[in-house]
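As a plain string of letters, each chain reads:
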Amino acid sequence: AGGTVTYKATYAGDTTHSAVSASDKVAVSRTATTLSLNNNGKLYNYGADVKFTAHLGKTYKNRTVEIWADPFGGDKPKKLIKRGTVNSSGNIAAWVDMTRDTTVTAVFSGDSRYNPKSVKATAYARVKISTSVSKHYKTKKIGSTSYYWFHKSTNPLITTSMTYYPGRNQRFDMQVLYQGTWISADPYWFPVGSNGKSAVLVEAPGESGWKVRVRSAYVNGSSGDSVNSTTTGAWKYLYFSN
């Protein structure tokens with residue numbers, strides 16, 4: 001057995017010698033076991049249910065493992081999501097709802113012959129983004145691309161829905177097609193409301209024939225927080241006619 005072991009020697013004494021005892025402590029090393037956890041560094045879509053599996057190697061008697069989940073952001077504490085005995089293959093699993101970047105930790109507390117051990121895996125979650133377009137008078141394809149058609153003096157309203165987090169902003173990208181090449185304007189940043197909405201009114205060019213495309217993005221760190229991974233929405237294509 002490992003740990004601190006105390007040895008004690010005692011002499012009972014005799015007619016000419018007093019009784020005496022002495023003791024000393026010896027640290028007996030314990031064996032290291034193996035413990036692993038999958039999914040480290042993987043990226044998932046928002047809300048994906050992800051199975052994290054811990055594998056425990058050889059131990060003496062203790063076959064119990066705990067699995068903890070710690071979502072990024074100070075508003076959600078670390079939480080025990082599974083505690084149990086590994087199966088005959090040494091595995092135990094727990095499911096995590098990936099709404100944020102999350103650090104998952106597997107913990108083995110050790111036993112009399114094997115040292116405690118813990119391992120971590122950090123997995124990443126995108127935000128949920130969708131974009132709607134309004135004030136157009138029809139949708140129609142130009143070539144193989146579907147466009148929202150606007151009169152040349154109508155200002156398109158672009159509404160982005162994005163997973164909310166306090167202080168979060170969306171990056172609004174806009175490009176104009178010029179001589180066959182999409183030319184980028186400087187990106188704009190707009191706040192995301194507590195309802196997860198961000199509405200942007202695009203100024204109409206006042207001339208017909210313009211092709212424009214727009215999209216929204218969450219950028220880790222630049223969007224006001226770092227609890228999710230960078231996520232870019234799909235382009236929406238606008239055409240200004242007469």
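Everything below is about the structure shown above.
We now turn to the structure provided with this report. Just so it is clear, the model here is predicted, and its values are computed rather than measured.

Time to look at the sheet that holds strand 14 (residues 157-162). Spatially, the three strands line up as an open sheet ordered 11-14-18, and their pairing is antiparallel. Each edge of the sheet is formed by a strand with only one pairing partner; in this case those strands are strand 11 (129-134) and strand 18 (197-201). Across this sheet, the average inter-strand angle for adjacent strands is 20 degrees, counted without regard to direction.

Two measures describe an aromatic ring pair: the distance that separates the ring centres and the angle between the ring planes. Applying the stated rule across the entire model yields six aromatic pairs. Arranged with centres 5.8 Å apart and planes meeting at 65 degrees, the rings of W182 and Y237 form a pair that is edge-to-face. Of this pair, W182 sits in strand 16 (residues 181-184) while Y237 sits in strand 21 (residues 236-241), and the two are 55 residues apart along the sequence. Members of the aromatic cluster, joined through ring pairs, are Y147, W182 and Y237. Looking at R113, its charged tip hangs above the ring of Y60, at a distance of 3.8 Å from the centre.

The topology assignment puts D49 in strand 5 (residues 48-56). Judged by relative accessible area, D49 falls into the exposed class, the value being 57%. Spatially, the C-alpha atom of D49 lies 44 Å from that of H151, the residues being 102 residues apart in sequence. Apart from residues lying up to four places away in sequence, D49 is in contact with W95, V96 and D97.

One open sheet holds the five strands; their spatial order is 4-10-9-6-7, and the pairing between them is mixed. Each edge of the sheet is formed by a strand with only one pairing partner; in this case those strands are strand 4 (43-44) and strand 7 (79-85). Summarising the sheet, strand 6 (residues 64-71) and strand 7 pair through six bridges and their orientation is antiparallel. Within strand 7, the residue paired with W68 across the bridge is L80.

Cut-offs applied
The numbering scheme is per chain: residues are counted from 1 as the chain's sequence reads. A pLDDT threshold of at least 70 governs which residues receive local features in this predicted model, and a stricter bar of 80 or more applies before side-chain atom pairs are shown or counted, although totals over entire chains, interfaces and linings include all residues. Hydrogens and waters are ignored; side-chain quantities use all the structure's heavy atoms. Two strands pair if DSSP finds at least two bridges between them. Secondary structure elements follow DSSP: runs of H or I of four or more residues count as helices, runs of E of two or more count as strands, with numbering from the N terminus. Note on geometry: axes are lines fitted to C-alpha atoms, helical ones only across the stretch in contact, with angles between N-to-C directions running from 0 to 180 degrees. Working definition: a ring pair exists when centres of Phe, Tyr or Trp rings (six-membered ring for Trp) sit within 6.5 Å. Plane angles under 30 degrees give stacked, over 60 give edge-to-face, the rest tilted. We call a charge positioned over a ring when the NZ of a Lys or the CZ of an Arg lies within 6 Å of the ring centre and within 35 degrees of the ring normal. Only protein chains enter the area calculation, which uses a 1.4 Å probe; residues under 20% of their type maximum are buried, those over 50% are exposed, and those in between are partly exposed. Two residues qualify as a contact provided that any one of their heavy atoms is within 4.5 Å of a heavy atom in the partner residue.

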